[in-house]
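# Structural overview for review
Letter by letter, the chains look like this.
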Amino acid sequence: MDVVNVLHMNAGNRKCSYANNSTLQKTVLLKAQEVLKETMEDFGTHGFPDSFKLADLGCSSGPNALLLVANIIDNVLAFCKQKNLKAPDEFQVFLNDLPNNDFSTVFKMIPPFYVKLENKSGHEKSINCFICGVPGSFYTRLFPSKSLHFFHSSSSIHWLSQVPAELLDNNRGNIYIAKASPLGVYEAYFNQFKSDFTTFLRMRSEEIIPNGRMVLTLLGRSIADPTSKDCCYIYELLVKSFQDMLAEGLLCEEDINSFNLPIYTPCTNELKAIIEFESSFSLDRLETFETNWDMRDGNEILMSEDSSGKLMAKTVRAVMEPLLACHFGNSLMDKLFEKYAMHVTEHLSKEKANYFNIVISLTRKM
């Protein structure tokens, strides 16, 4: 699988698009907001640069990317006012994602976003903000040396640069690490994540100024066991949906055996060890929080009459469909996610389930 060219969220404004099904990711952004705010304030203790340069890595195609930009600008300006510091004269924002990301949807949102900034009350002067897109893998260099002050990424770093090559045909009947997976499957996934995350840190260390900051939020797991439910069961329900279709003659067994997800959900100790090993950044803060599979449960930003299973199926489809369609074919996607919604509904009728999220704040060493 060529991850760089295949991995992207569902484009446009269709019912199954990421733009219309990213409430979960918005919830994650909002829950990580306090860490983001405190990181900005710590960076700006002695003042902000006249031109504050920041990048969002894995921005995707929905409104969340511009929500992040608005939050950062609000935090910086409010802090400067509170501390009587000079605010930046301008904000330069780079939105990054893989080349096949639906940048056009984001770009269409930028002009009204600028108007909204101009009309924003509470600011003493107009806000100069310049936004551009940067297509490319964040496992490569994206920016000139020491050119940025701040990096952010949410719900992206758990995506790998490739399916671990060592898997070959060793994970038959599964699409990720599962209880039934051979021992070598976890090792292959962890080694790929370690290599990728080490590369990610090294690339950013060259692009960010000394003492620059980075806030990363990603899916993880709460315990060392790589087959724990909080990181794997969502994919095991997808396998159950594939098996239903296999029984109906819509798939052949080899279709399932030859597919594995390019994703890894680390535990906190794994993250800490890799950051220490790579050594370019100090880890200032690490927080964890959970978000419900059942997004209707206590989620004030969600307005939907769909069942929990249908909501989750739409969320997963918006993220996974391009990958799955590339391997299994577009014609099976409607049927697959109907079955997936059914399995999620059945699971949630028996027990609550959560995503486990990790947010870290890092400083580039001098």
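Residues numbered from 1 in each chain as written. Predicted model: local features only at pLDDT ≥ 70, side-chain atom pairs only at ≥ 80, totals over all residues. Heavy atoms only, no water.

Rules: UniProt positions are given in the numbering used here, feature names are shortened, and annotations may be inferred rather than shown by experiment.
Taking an unreviewed UniProt entry as the reference, the chain is identified by name as SABATH methyltransferase 22 belonging to Heracleum sosnowskyi. Of the comments in the UniProt record for the chain, the one headed Sequence similarities (unreviewed entry) reads "Belongs to the methyltransferase superfamily. Type-7 methyltransferase family."

## Some remarks on helix α4 (residues 64-83)
To keep it simple, the criterion reads: A run of H or I in DSSP counts as a helix once it spans at least four residues, and a run of E counts as a strand once it spans at least two, with each numbered from the N terminus. To estimate the expected span of a helix, count its residues, drop one, and scale the result by 1.5 Å. Per-residue accessibility, obtained with a 1.4 Å probe over protein chains only, is compared with the maximum for each type, and a residue is labelled buried under 20%, exposed over 50%, and partly exposed between these values.
The terminal C-alpha atoms of α4 lie 28 Å apart, and with 20 residues this matches the ideal 28 Å at 1.5 Å per residue to within 8%. With 14 of 20 residues buried, α4 is to be regarded as a mostly interior element. Asn84 sits one or two residues past α4 and shows a positive phi near 60°.

## Let's talk about unusual backbone geometry
Phi is positive for Lys146, close to 50°, though the residue is something other than glycine. Relative to the assigned elements, Lys146 resides in the loop between β3 (128-135) and β4 (148-154). Backbone geometry at Asn211 places phi at a positive 75°, although glycine is not the residue there. Its relative accessible area of 31% is what places Asn211 among the partly exposed residues.

## Here's the deal with the environment of Tyr233
Here is the rule we go by: It only takes one pair of heavy atoms within 4.5 Å for two residues to be counted as in contact.
Position of Tyr233 relative to the elements: it lies in helix α7 (residues 229-247). The spacing of Tyr233 and Asp97 is 136 residues in sequence and 27 Å in space, taken between C-alpha atoms. With near-sequence residues (within four places) excluded, Tyr233 lies in contact with Ser228, Lys240, Trp293 and His347.

## Regarding the sheet that holds strand β7 (residues 354-364)
The cut-off we apply is this: Paired strands, as defined in this entry, are two strands with at least two bridges between them according to DSSP. In this description, a line fitted to the C-alpha atoms serves as the axis of each element, helices being fitted only across the stretch in contact, and the angle between N-to-C directions of two axes falls anywhere from 0 to 180 degrees.
As summarised here, the arrangement of the 7 strands in space is β3-β2-β1-β4-β5-β7-β6, forming an open sheet in which the pairing is mixed. Unpaired on one side and paired on the other, β3 and β6 (281-292) mark the two borders of the sheet. Direction aside, neighbouring strands of the sheet carry axes that sit 15° apart on average. When strand β1 (residues 51-57) meets strand β2 (residues 90-97), the two strands line up parallel, connected through 7 bridges. The partner of Phe52 across the bridge, within β2, is Phe91. Contacts from α4 reach β1, β2, β3 and β4, with the element oriented near 150° to β2. Seen against the sheet, helix α6 (residues 183-207) touches β1, β4, β5 (208-220), β6 and β7 and runs at an angle of roughly 150° to β5.

## Examining the pattern of salt bridges
Opposite charge on two side chains permits them to pair, given that their charged atoms come into close proximity. Rules: When a carboxyl oxygen of Asp or Glu lies within 4 Å of a side-chain nitrogen of Lys or Arg, that pair is called a salt bridge.
Scanning the model with the defined rule gives 16 salt bridges in all. With a closest N to O distance of 2.5 Å, Arg213 and Asp42 form a salt bridge. Of this pair, Arg213 sits in strand β5 while Asp42 sits in helix α3 (residues 33-43), and the two are 171 residues apart along the sequence. The exposure class assigned to Arg213 is buried, which follows from its relative accessible area of 6%. Note that Lys86 and Asp89 form a salt bridge whose closest N and O atoms lie 3.0 Å from each other. The network of salt bridges with common partners includes Arg141, Arg204, Glu206 and Glu207.

## Concerning the pairing of β5
The buried fraction of β5 amounts to 10 of the 13 residues, a majority that puts the element mostly inside the structure. Here β4 runs beside β5; their pairing, made up of 6 bridges, is parallel. If you follow Ser153 over to β5, its bridge partner there is Leu216. As judged from the 8 bridges shared by β5 and β7, these two strands associate in the antiparallel manner. Following the sheet pairing, Thr217 is matched in β7 by Val359.

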